[in-house]
Amino acid sequence: MCPAEKFRAPKGMRDVLPPDIYIWQKLEKTAFEVLSRYGFREMRTPVVESTALFSRGIGEATDIVEKEMYTFEDKGGRSLTLRPEGTASAVRCYVENQLYNLPSPQKYYYWGPMFRYERPQAGRYRQFYQLGVEAFGSDSPALDAELLSMLRHFLLKSGLEGLNFQINSIGCRACRPDFIKALLEYLGAGLEGLCADCRRRYSANPLRILDCKASGCQELRKGAPRVTDHLCDGCHDHFDKFQHYLKLLDVPFSLNHEMVRGLDYYTRTTFEVTSENLGAQNAVTAGGRYDGLVREFGGPDTPAFGFAVGMERLVELLRQAPGQDVPRPGIFIAVIGERAHSEALLTAEVLRADGSWVEVGEHTASLKNQLRKADRLSAEYVFIIGDEELDAGSIKWKRLSDSASGSLPAAGVRSFLSGRR
RNA sequence: GUGAGCGUAGUUCAAUGGUUAGAGCACUGGAUUGUGGUUCCAGUUGUUGGGGGUUCGAGUCCCCUCGCUCACCCCA
């Protein structure tokens, strides 16, 4: 006989239970409330897409595509992939459903699990949840700023403060090559001083050298050219106005000319919101413009702006915040005897119909045990029903916080809580 | 993919290589009839992650393996 196998959730994936689940629910609710006021509506797309959608959208040479995708073949021989991010799906959906025929900008949000095969660490999971926001059809810097303001209000309303908004512009197809050329020229002189990773990046992905954390690399790039000094007129103007609108809308931000993105589709505006209270994975939101992606997926030339919020990281920050209140029963009905038990079941249904959380004890347990249980559940009030009460047509009540107690007519239960809250 | 740290009761943690692996918390029951929390008493729980080796003797040392955690990489 084999011993029973103990199953665990897959590596990097986890269960969410109370009390954490209340934080998640609050975030979902807040997101819906805030985003809908800015005209965002929900879009639901499959969790799985054809592999090519991601490899082409995110970039063949990115780490996500090269080594982090959950890719499999279905029984029809199609190569499918669990989505590692949401933007590619959103753009596919926009093009496939010809949403460009609707008035611009088209604004959508989505919410759900993403999958990346990485080594888990603090704030990083293989299945993680993102709230994604995408706006299609406007190239106005006012839109960029408006969405950052929306994000800020969402974060504030969720109870998160002290987050750092950092912005940058990485130019467009026209001006970025010039910058990269200038950067390579500058770094070429001190190539020996770069870390091994950066020497590799020098030819593979030079922009990423800008946000390397190695102290030698940080030192070496002190006099390096800045992207923002190499922007073309259009990008320069966009970036200026973006900042102007951010100030107008009172969004605090700082410039980070070393911030670049790991996905290929970004153009112009990029931004990141970080917290100092997380581990190494400190970005809670990141995104920016991707003016070329819709076209690349076969749609009309359509500018777009979007960002993704890492839900686990927000949840982690909210866990650290004081005063997370969890729901608790309004009333626990303790019963003595089988007759009282039946009566309690009926009374509970009446109270529940009015919206209260009501728990009912069992007559097989002693009154003492039922009270202990009510206490453990943090019930606000205990009702006690026994033979005495049944005969008198009354119910005894007790408030657990201060032991206040009394009696009420059984017919008047519905108004009990409303008079006391 | 690379590196480091850690795996002992439900949980948090003890146990100079030496008897039968312990404690707090939690849980269950009780302290005379129908009243919770505090207190007191009693009780339950272990293949020391798994496998192999060294040794008279391994929770402790060595090797392998699995898992967790953190960091790098990368990203939300």
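Residues numbered from 1 in each chain as written. Chains lettered and ligands numbered in written order. Predicted model: local features only at pLDDT ≥ 70, side-chain atom pairs only at ≥ 80, totals over all residues. Heavy atoms only, no water.

Caption draft 1: Highlighting the protein's contact with RNA strand B. The local shell around RNA strand B holds 48 residues, among which Arg124, Arg201, Gly262, Ala283 and Ser403 are the closest. Among the atoms of RNA strand B lying within 4 Å of the protein, the sugar-phosphate backbone contributes 51%. Interatomic distance of 3.3 Å between a side-chain N/O atom of glutamine 281 and a base oxygen of RNA strand B. Listed by contribution, the elements that provide at least two residues to the surface near RNA strand B are strand 6 (127–136), helix 7 (196–204), strand 10 (283–289), strand 11 (304–310), helix 13 (367–376), helix 14 (387–392) and strand 15 (394–399). When residues of the surface near RNA strand B are assigned to their parent elements, the largest contribution, seven residues, is made by helix 13. (Near = heavy atom within 4 Å. Polar contact = N/O pair within 3.5 Å; in protein donor to acceptor, adjacent residues only side chain to side chain. Helix = DSSP H or I, 4+ residues; strand = E, 2+ residues; numbered from the N terminus.)

Caption draft 2: Here's a closer look at unusual backbone geometry. That bond from proline 18 to proline 19 is cis: its omega, 5 degrees, falls within 30 degrees of zero. Along the chain, proline 19 falls in the segment before helix 1 (20–37). The omega torsion of the bond from serine 104 to proline 105 falls at -10 degrees, within 30 degrees of zero and hence cis. Position of proline 105 among the secondary structure elements: in the loop between helix 4 (87–96) and strand 5 (106–115). Here arginine 268, not a glycine, exhibits a phi torsion of approximately 50 degrees, which is positive. Residue classification places arginine 268 among the buried residues on the basis of a relative accessible area of 18%. With a phi angle near 65 degrees, serine 403 is a residue other than glycine that sits in the positive phi range. Tracing the sequence through the fold places serine 403 in the loop between strand 15 and strand 16 (405–409). Classification of serine 403 as partly exposed rests on a relative accessible area of 45%. (Buried < 20%, exposed > 50% of the residue type's maximum accessible area, 1.4 Å probe, protein only.)

Caption draft 3: Examining helix 6 (residues 176–188) more closely. Under the 1.5 Å per step criterion, the end-to-end length of helix 6 is 18 Å for 13 residues, consistent within 8% with the ideal 18 Å. Inspection of helix 6 places Arg176, Phe179, Ala182, Leu183 and Leu187 among the buried residues, and these make up the whole buried set. Considered in projection along helix 6, the buried side chains sweep an arc of 125 degrees and stay on one side of the axis. Along helix 6, the residues that are exposed and aim more than 90 degrees away from the buried face are Lys181 and Glu185. Contacts made by the buried residues of helix 6 are with helix 7 and strand 9 (267–274). (Expected span 1.5 Å × (residues − 1). Arc of directions from axis to C-beta. Contact = heavy atoms within 4.5 Å.)

Caption draft 4: Spotlight on the domain arrangement of chain A. Parsing chain A into structural domains produces domain 1 (20–166 + 251–320) and domain 2 (331–415). Each of domain 1 and domain 2 has a C-alpha centre, and the two are 49 Å apart. (Domains from an automatic or database assignment.)

Caption draft 5: Region of the structure containing the state of the cysteines. In this structure the tally under the stated criterion is zero disulfides. Not part of a disulfide, cysteine 175 finds its nearest cysteine sulfur in cysteine 232, a span of 3.7 Å. By relative accessible area, which is 3% here, cysteine 175 ends up buried. Summary of cysteine pairing: cysteine 232 is not part of a disulfide, and the nearest cysteine sulfur, belonging to cysteine 235, is at 3.5 Å. Note on cysteine 232: relative accessible area 24%, which makes it partly exposed. (Disulfide = S-S within 2.5 Å.)

Caption draft 6: Molecular detail of the pairing of strand 11. With seven of seven residues buried, strand 11 is to be regarded as a mostly interior element. A two-sided burial pattern is seen for strand 11, the buried positions comprising Ala304, Gly306, Ala308 and Gly310 on one face and Phe305, Phe307 and Val309 on the other. Of the pairings in the sheet, the one linking strand 6 to strand 11 comprises seven bridges and is antiparallel in character. For phenylalanine 136, the partnering residue across the bridge sits in strand 11 and is alanine 304. Relative to strand 11, strand 10 runs antiparallel, the two sharing five bridges. Its bridge partner lying in strand 11, alanine 286 is registered against alanine 308. (Pairing = 2+ DSSP bridges.)

Caption draft 7: Region of the structure containing the nonpolar core. Counting 43 residues, the largest nonpolar core has Leu147, Leu151, Phe154, Leu155, Phe307 and Leu314 as the members making the most contacts within it. Of all the elements in the fold, those that place two or more residues in this core are helix 1, strand 6, helix 5 (141–157), strand 7 (164–169), helix 9 (233–248), strand 9, strand 11 and helix 11 (311–320). With eight residues, helix 5 is the largest single contributor of residues to this core. When residues no more than four places from it in sequence are discounted, the contact partners of leucine 151 are Phe165, Phe271, Val273, Thr285, Phe307 and Val309. Core analysis: the second largest hydrophobic core is formed by 29 residues, Leu53, Tyr94, Tyr125 and Tyr265 among them. (Core = buried A, V, L, I, M, F, W, Y, C linked by side-chain atoms within 4.5 Å.)

Caption draft 8: Structural view of the sheet that holds strand 14 (residues 381–385). If you walk across this open sheet you meet the five strands as 13-12-14-15-16, and the pairing is mixed. Single-partner strands in this sheet number two, and they are strand 13 (358–360) and strand 16. On average, each strand axis in the sheet is tilted by 25 degrees relative to the strand beside it, whichever way the strands run. Along the sheet, helix 13 makes contact with strand 12 (331–335) and strand 14, crossing strand 12 at roughly 170 degrees. (Axes fitted to C-alpha atoms, helices over the stretch in contact; angles between N-to-C directions.)

Caption draft 9: Structural context of the packing of aromatic side chains. Inspection of every chain in the model, using the stated rule, returns 15 aromatic pairs. Seen from their ring centres, phenylalanine 271 and phenylalanine 305 are 6.1 Å apart, and the 5 degrees between their planes marks the pair as stacked. Taken together, the positions of phenylalanine 271 in strand 9 and phenylalanine 305 in strand 11 put the pair 34 residues apart, joining distant regions of the chain. The burial state of phenylalanine 271 is the same as that of phenylalanine 305; both residues are buried. Ring centres of phenylalanine 271 and phenylalanine 307 lie 5.8 Å apart, and the angle between their planes is 80 degrees; this geometry places the pair in the edge-to-face category. Residue phenylalanine 271 is located in strand 9, and its partner phenylalanine 307 is located in strand 11; the two are separated by 36 residues in the primary sequence. Summarising the burial analysis for this pair, phenylalanine 271 and phenylalanine 307 share the class buried. (Phe/Tyr/Trp six-rings, centres within 6.5 Å; stacked < 30°, edge-to-face > 60°.)

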